[in-house]
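Spelled out, the chains give:
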Amino acid sequence: MIQATISQYARLTRPWALTGMIASLLMAGCSTAPEGPESAAWPEYETDAAQAFASQCRTGLESAQAQLEKIENGHYSDSTDRLLDAINELDIVSDRAVSRASLYFNVHPDAQVREAAATCRERAVELFSNISLSRHLYQQVADIEIGSLNGLEKRYVEEMLEGFKRSGVDQDEATRQRIRALNEQLNKLGQTFGRNINQDVRSVAIKDARRLEGLPQDFIDNHPPNENGDIVITTDYPDYFPVMQYAQDDELRLELYREFRRRGYPDNEAILRDILEARYELAQLLGYDTYADYVTENKMIKSADNAQEFIDQIAEIAKPRSDAEYDKLLARLRKIDPNASFVGDWQKTYLQELVKKEQFEVDAQQVRQYFRYEAVRDGIFDLTETLFGVTIKPWETDSWHEDVEAYEMWQDDELLGRFYLDMHPRDGKYKHAAAFSLQDGVKGIQEPIKALVCNFPGAEGPGYMEHSQVETFLHEFGHLLHGIFAGDQPWLSFSGIKTEWDFVEAPSQMLEEWVWDADTLKSFARNSEGELIPEELVRKMNLGRDFGQGLFARHQMFYAAISLNLYDRDPAEVDFDALIPELQSEYSPFPFVDGTYFHTSFGHLYGYSAIYYTYMWSKVIASDMFSEFKREGLRNTEVARRYREEVLAPGGTEDAAVLVENFLGRPYSFDAFAEELSPDVVEEVEE
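Residues numbered from 1 in each chain as written. Predicted model: local features only at pLDDT ≥ 70, side-chain atom pairs only at ≥ 80, totals over all residues. Heavy atoms only, no water.

### Concerning the state of the cysteines
- Per the stated rule, a full pass over the model turns up one disulfide.
- Residue Cys 57 pairs covalently with Cys 120 via a disulfide, S to S 1.9 Å. On the sign convention where negative means left-handed, the S-S torsion of about 85° between Cys 57 and Cys 120 marks this disulfide as right-handed. Remark: Cys 120 occurs in helix H4 (residues 111–132) and Cys 57 occurs in helix H2 (residues 48–72); sequence separation between them is 63 residues.
- Taking relative accessible area as the criterion, Cys 57 reaches 3% and is therefore assigned buried. (Disulfide = S-S within 2.5 Å. Helix = DSSP H or I, 4+ residues; strand = E, 2+ residues; numbered from the N terminus. Buried < 20%, exposed > 50% of the residue type's maximum accessible area, 1.4 Å probe, protein only.)

What follows is the structure, encoded as structure tokens:
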């Protein structure tokens, strides 16, 4: 139950996400006579949709509070089975109340509904505070005779007890009251932090269309001059990434880069400071030196020291290859500017594109002609059906926007789950890519319902996608599959993506490999003439893919170091203006750009707090798991069946290390990942 509460609280602060995505664990307190989530007055909203949503949320939260009170009052204490079933029902009711709010806060086109969803999330924090610090509930769970339980029940109860203690159930009244206040403050700060990023869409305006030279023609066509003669380019992803990758105008790239790295500034700097201070105080109240110590304790990595060691280890493994790749970028830049002494962060993507095009004959604009959005979607569906033996069908249902599609997933005559695709950008929508859960499945009670939220082209016209966007699509779809395949557990606490947080990305990162596979791409990658993507082009894409992996790993460790180093100390010691450039200098080969404030737009600093390292940690495990498919064949349905049964379907019923060992037949290792980053790979590619 506490595990489910933590997961529900995580939905208030981040979905399962690559950009999109993404939270602190629940550290909340309550008084001995807590007020329910209905205690505060709900605002009145201007639109009927917002009023209806607020009413639905309030009813759900009140039902959950009523169920909590029945449990606290001993209504189910006569039987362990009845008590555990009642706790499971509490999880289900509260999950229903909060999940749609998390999604609607990020995607609903009605601003009033988004505000109602924000209020719902705030009220949900009150409910989860009441649950996590209920001494009456805790005592009933603590009184259960563990020896009388079966294996899964024992894990269920033990995880509840651990969660209760980590939330502060054993603290004194004054401490619990302070924890409650801080937790409610954090929820509001986090919402504001994310909202400021989403709403701060900046732009640059140019007069001369020649400055767009190098960009795809469809991009140029979609950016005609406005009534003032200005061509406006925004910091939204569909504008930003093509400019960084293709624009020959170095000043244009630098100008847009600066605006992109100023999003959320200056407001989010003060808010981030408040977040750090509140989380530091919470950790201290719960007996931890820092928030990083608290948040890493129940992950695979186990401690902040281990997280720092991992960051340094990856940075060291990647450095020889990163240095060699950086030298190639600098050499290429000097063909443009003979006086260049370094490669700027705003130049790396453009230069990598040039090197790949010239050395590996990979032209991203040539590649993108084979990836129309609808064909990519259908290809990913076909891959899923072929690999896992399922069927995906349209689902006739209402949604929050006309562009949203809905589907069902079946295994023969069994409904496994349902999902929505909200895949194109619009005003007020979440800017990244993420998988949201509207409902986790519970065996015999409810099926899982998920939502994929992305910002790809294709709302109007054919929507040609970059290959990197195809990779992102399949990555996020991997989260959706994990949630659906793990949606048949008896306890909601174990259903869906309930593994340790630093394993969450591994299944999706492994699935990315299939968009580099020629057989997979040939099943859907066609140009406007209907011609399949050539095998030779895919071969070159793979050669080009290898270039830049060392640079990427080092730069990711810069992001991970920011995340950890903001939370592994007293916030009074944190000087943003000094720390960010210092960490960039230590971990990234690309120097800090003055006048930028990356930390104010790095949404993971709230969502993931100290544990952004999890992306690379998961990548290490993903590489190891993929070695099984690499050896047996990417289309090997028997390996896919074992993978689904051993890694995905169990949800949170086993530790992640056990799931991986069950699939591989051995403990996970760094070997496959280290081999991928070997400088020898670069030398082989060059030859």
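### Observations concerning helix H22 (residues 576–587)
- Taking 1.5 Å of rise per residue, twelve residues should cover 16 Å, and H22 covers 16 Å from first to last C-alpha, within 8% of that figure.
- When we look at burial in H22, the residues that qualify are Phe 576, Leu 579, Ile 580, Leu 583, Gln 584 and Tyr 587. Here the buried residues of H22 occupy an arc of 125° about the axis, which is enough to place them on one side. Exposed residues on H22 whose side chains face more than 90 degrees from its buried face are Asp 577 and Ser 585.
- Tucked into the core, H22 has its buried residues touching helix H11 (267–285), helix H13 (304–336) and helix H21 (549–567).
- At the N-terminal boundary of H22, the capping side chain belongs to Asp 575, with an oxygen 3.1 Å from the backbone nitrogen of Asp 577. (Expected span 1.5 Å × (residues − 1). Arc of directions from axis to C-beta. Contact = heavy atoms within 4.5 Å. Polar contact = N/O pair within 3.5 Å; in protein donor to acceptor, adjacent residues only side chain to side chain.)

### Some words on the packing of aromatic side chains
- What the rule picks out here adds up to 47 aromatic pairs.
- Here the aromatic rings of Tyr 240 and Phe 260 are separated by 3.8 Å at their centres, their planes lie at 10°, and the arrangement is stacked. Of this pair, Tyr 240 sits in helix H9 (residues 237–246) while Phe 260 sits in helix H10 (residues 250–260); the two residues are 20 residues apart in sequence, bridging distant segments of the chain. One exposure class covers both Tyr 240 and Phe 260, and it is buried.
- Their ring planes at 75° and their centres at 6.0 Å tell us that Phe 310 and Phe 670 sit as a pair that is edge-to-face. With a gap of 360 residues between them, Phe 310 in helix H13 and Phe 670 in the loop between helix H26 (656–664) and helix H27 (671–676) connect regions that are remote in the sequence.
- The ring of Trp 410 carries Lys 393 above its face, with NZ or CZ at 5.0 Å from the centroid. (Phe/Tyr/Trp six-rings, centres within 6.5 Å; stacked < 30°, edge-to-face > 60°. Lys NZ or Arg CZ within 6 Å of the ring centre and 35° of its normal.)

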